[in-house]
Amino acid sequence: MTTGDQTAVLAGLGTCLPMEEVDNAALLARLDTSDSWIRERTGIAARRIAGANVSVCDMAHAAGENALKAAGLAEVDAVVVATSTPDRPLPAVGPQVASTLGLGSVPAFDVSAACSGFIYALAVSAGLIATGMAGDVLVVATEKYSDIVDPTDRATAVLFGDGAGAAVLRSGRRDEPGALLAVDWGSDGAGRDLIYVPERHDGYLSMTGKRVYLKAIEHMTSSTLRVLDRCGWATSEVDTFVPHQANKRIIQAVAQQLSLPEDKAVCALERTGNTAAASIPLALAQGQANGTIGAGDRVVLTAFGAGMTWASAGLVWPEITTVESEL
Ligand code: ACO
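Residues numbered from 1 in each chain as written. Predicted model: local features only at pLDDT ≥ 70, side-chain atom pairs only at ≥ 80, totals over all residues. Heavy atoms only, no water.

Novice: Give me the domain arrangement of the protein chain: which residues, what numbers.
Specialist: Segmentation of the protein chain into domains returns domain 1 (2–172) and domain 2 (180–319). Computed from C-alpha coordinates alone, the two centres of domain 1 and domain 2 are separated by 15 Å. Tallying the contact residues gives 48 residues for domain 1 and 45 residues for domain 2. For the pair domain 1 and domain 2, the summed buried surface comes to about 3,900 Å²; carbon and sulfur atoms form 69% of the total. Where domain 1 packs against domain 2, one counts two salt bridges. Taken together, the links from domain 1 to domain 2 amount to 17 residue pairs in polar contact (both at pLDDT 80 or more). (Domains from an automatic or database assignment. Contact = heavy atoms within 4.5 Å. Buried area = accessible area lost by both parts, 1.4 Å probe. Salt bridge = Lys/Arg side-chain N within 4 Å of Asp/Glu carboxyl O. Polar contact = N/O pair within 3.5 Å; in protein donor to acceptor, adjacent residues only side chain to side chain.)

Novice: Which residues make up the site of the ligand, and what values do they have?
Specialist: The ligand sits among 26 residues. The nearest are Thr33, Arg41, Asn247, Arg249 and Ala306. Interatomic distance of 2.6 Å between a side-chain N/O atom of Thr33 and a nitrogen atom of the ligand. Between the ligand and Lys210 there is a distance of 3.2 Å, counted from an oxygen atom to a side-chain nitrogen or oxygen. Alone, the ligand offers 1,000 Å² of accessible surface; in the complex the protein occludes 75% of this. Spatially, the ligand is embedded in the largest pocket. Sorting the residues of the shell around the ligand by element identifies α2 (35–42), α6 (154–157), α7 (209–231), α8 (248–257) and β13 (298–305) as the ones contributing at least two each. Here the element with the most residues in the shell around the ligand is α7; it accounts for four residues. (Near = heavy atom within 4 Å. Areas by Shrake-Rupley, 256 points an atom, 1.4 Å probe, with all protein chains shown as cover. 1 Å grid on protein atoms, 1.4 Å probe; cavity = no way out; pocket = protein on both sides within 12 Å on 5 of 7 lines; lining within 4 Å. Sits in = over half its atoms within 2 Å of the grid points. Helix = DSSP H or I, 4+ residues; strand = E, 2+ residues; numbered from the N terminus.)

Novice: Tell me about the packing of aromatic side chains, residues and numbers included.
Specialist: This structure, assessed with the given rule, holds two aromatic pairs. Ring centres of Tyr120 and Trp185 lie 5.0 Å apart, and the angle between their planes is 70°; on these two criteria the pair is classed as edge-to-face. Here Tyr120 is found in helix α5 (residues 117–130), whereas its partner Trp185 is found in strand β9 (residues 180–187), with 65 residues between them in sequence. The exposure class assigned to Trp185 is partly exposed, which follows from its relative accessible area of 41%. The lysine or arginine in question, Lys210, covers the ring of Tyr213, its NZ or CZ lying 5.7 Å from the ring centre. (Phe/Tyr/Trp six-rings, centres within 6.5 Å; stacked < 30°, edge-to-face > 60°. Buried < 20%, exposed > 50% of the residue type's maximum accessible area, 1.4 Å probe, protein only. Lys NZ or Arg CZ within 6 Å of the ring centre and 35° of its normal.)

Novice: Tell me about the packing of α7 against α8, and name the residues and values.
Specialist: Between α7 and α8, the least distance of the axes is 9 Å, while the angle of their chain directions is 40°. Put simply, α7 runs oblique to α8. Considering how the two elements wind past one another, α7 and α8 form a crossing that is right-handed. In this structure, α7 contributes Tyr213, Ala216, Ile217, Met220 and Thr221 to the contact, and α8 contributes Arg249, Ile250, Ala253, Val254 and Gln257. For the contact of α7 with α8, the residue count by class is seven nonpolar, two polar and one charged. (Axes fitted to C-alpha atoms, helices over the stretch in contact; angles between N-to-C directions. Parallel < 35°, antiparallel > 145°, perpendicular 65-115°, else oblique. Left-handed = near helix turned anticlockwise from the far one by under 90°. Nonpolar A, V, L, I, M, F, W, Y, C, P; charged D, E, K, R; others polar.)

Novice: Kindly report on the nonpolar core, identifying the contributing residues and their values.
Specialist: Grouped burial of nonpolar side chains is what soluble globular proteins tend to show. If you look at the biggest cluster of nonpolar residues, it comprises 48 residues, and the most contacted ones within it are Tyr145, Phe241, Ile250, Val254, Val300 and Phe304. Within the residue set of this core, elements represented by two or more residues are β9, α7, α8 and β13. Considering every element that reaches this core, the biggest residue donor is α7, with eight residues. Counting residues domain by domain, this core receives three or more from each of domain 1 (2–172) and domain 2 (180–319). Once you skip the residues sitting within four places of it in the chain, Val300 turns out to touch Thr224, Val227, Leu228, Trp233, Val238, Thr240, Phe241, Val242 and Ala313. Counting residues in hydrophobic clusters, the runner-up holds 44 residues, among them Ala8, Ala278, Ile280 and Leu315. (Core = buried A, V, L, I, M, F, W, Y, C linked by side-chain atoms within 4.5 Å.)

Novice: How would you sum up the environment of Ala246? Please name residues and give values.
Specialist: You can see Ala246 is positioned in the loop between β12 (240–243) and α8. The buried category is assigned to Ala246, whose relative accessible area is 17%. Residues Ala246 and Met308 lie 62 residues apart in sequence; the distance between their C-alpha atoms is 14 Å.

Novice: Requested: an account of helix α9 (residues 279–289), with residues and values cited.
Specialist: In terms of burial, α9 is largely enclosed, as nine of its eleven residues are buried. Taken together, the buried positions of α9 are occupied by Ser279, Ile280, Pro281, Leu282, Ala283, Leu284, Ala285, Gly287 and Gln288. Trailing α9 by a residue or two, Gly291 shows a phi angle of about 85°, which is positive.

Novice: Break down the packing of helix α3 (residues 56–71) against helix α4 (residues 93–100) for me, with residues and values.
Specialist: Look at α3 against α4: their axes get within 9 Å of each other, and the N-to-C directions meet at 50°. Our classification of the angle between α3 and α4 gives oblique. Here the hand of the crossing between α3 and α4 comes out right-handed. Note on element contacts: α4 touches α3 through Val93, Gln96, Val97 and Thr100, opposite Val56, Cys57, Ala60 and His61.

Below, the structure written as structure tokens:
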């Protein structure tokens, strides 16, 4: 993502998870399911749920504040928020987060691309930086799927969790670690009925799980191959693969299709579930904390979600800090 000399460079990460953890056993009281079904079919053992007093904006604020701390910045030129579960249909989350963080009157807006939202927001922000429209950008992905998932629907209630992750992008050079080297993104609106919420949040999320499962594997694989090509990397040169965290079996299948050893794929969903747009920054934070991702690694991110949307990005992992908190 470069025009001229300016390239977006990752400068810091922040996360925020709601404190309440709901494990599989706790779901059995209201759902006809089992711990073993959920673990075997998805890899999920627990998820965080934001209660009535923790909003999408609250999590975005905390994750954004943490990312700014991690990057050592008090100001940015723009705020881009990825969310598919804004507290209100209008206005966007971005301006509220910019305001509560004391970032002044910077441009602030939302990107709605469901589970691909974080990479979409990275791509948009990298474009702002590459064209000189912004120097530093705060990217926040924040989701509260507990607001839109039917708690009595076993097909979806076991999958999703709430949380937020954020990144600061600064302007830098393409040959620096952290530079966003390439992005691939796309959409297919013909698949809009495979995951949707009817009529402006008036109703619960509906998902045709099996078809989404197959499409996720297909698009995350092909998008990853395109971004690898743009980075000039062979699959064997990837050190760490960070796919959207929807289902452990999807992650394994994509790694297999790419002929990537499974231990190169970060699987961070066991205790957070599918947090949609927030899943990649949360996985990056977890990977960095447990040493799966280290400075100098060639890292590839890929995601797929409602829309349908997909997106991938490649970067060499920089020496950065992650600041994490709970609400
Ligand atoms: N507990 C027990 N049984 C269940 C449960 C449950 N929680 N959920 C479904 N089942 C049953 C089904 O009813 C079905 O029973 P039947 O055979 O008697 O009809 C059986 O299990 C198998 O159902 P499938 O849907 O075929 O199960 P599958 O193996 O596909 O797993 C799942 C379902 C986990 C939803 C999977 O399809 C999946 O992960 N899909 C992709 C989700 C995804 O990637 N989302 C990403 C985007 S999300 C976004 O953008 C917002």
